[in-house]
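Architecture at a glance
In case you want the letters, here they are:
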Amino acid sequence: MGAKSQRKGASGEQELTRLLRAAGFPAVWGGNRTFGAVPDISGLGGVHIECKRVEHLNLGNALAQSERDAHRFRDGLPVVIHRRD
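Everything in this summary refers to the structure shown in the same document. Just so it is clear, the model here is predicted, and its values are computed rather than measured. (Residues numbered from 1 in each chain as written. Predicted model: local features only at pLDDT ≥ 70, side-chain atom pairs only at ≥ 80, totals over all residues. Heavy atoms only, no water.)

**Examining the nonpolar core**
Among the nonpolar cores identified, the biggest contains seven residues, and these are L16, L20, A27, I41, L44, I49 and C51. Of all the secondary-structure elements, those providing two or more residues to this core are helix 1 (3–22) and strand 3 (47–53). (Core = buried A, V, L, I, M, F, W, Y, C linked by side-chain atoms within 4.5 Å. Buried < 20%, exposed > 50% of the residue type's maximum accessible area, 1.4 Å probe, protein only. Helix = DSSP H or I, 4+ residues; strand = E, 2+ residues; numbered from the N terminus.)

Here is the structure:
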């Protein structure tokens, strides 16, 4: 993945974290230098969030990734949250 794409993904995760915090959820951004060692966003007990900020989402692939990561991190129900560019 290119640097521009990584920055866009990190920006989307940060934006979602801010929105969740503003709504009263204790969301924590995992950071963009963790290389998959921690979830994108954590702090919502029982929910694993996969954040996608793309123009055309492949929902099947995104949900499969969320399911894999939810199983790996054992942090809850896999959820995909998407916003177009």
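**Observations concerning the pattern of salt bridges**
All chains considered together, the criterion is met by six salt bridges. Ionic pairing is found between K8 and D85, a salt bridge with its closest N-O pair at 3.2 Å. Of this pair, K8 sits in helix 1 while D85 is found in the segment after strand 4 (77–83), placing the two residues 77 residues apart along the sequence. Judged by its relative accessible area of 28%, K8 is partly exposed. (Salt bridge = Lys/Arg side-chain N within 4 Å of Asp/Glu carboxyl O.)

**Notes on the environment of H56**
Its place among the elements puts H56 in the loop between strand 3 and helix 2 (59–73). A relative accessible area of 67% places H56 in the exposed class.

**Some words on the pairing of strand 3**
The two faces of the sheet receive side chains in turn, since in a regular strand these alternate between them. Here strand 3 runs beside strand 4; their pairing, made up of seven bridges, is parallel. By the bridge assignment, V47 is partnered in strand 4 with L77. As for the winding sense of the linkage, the β-α-β connection from strand 3 through helix 2 to strand 4 is right-handed. (Pairing = 2+ DSSP bridges. Right-handed = clockwise from strand over helix to strand, strands pointing away.)

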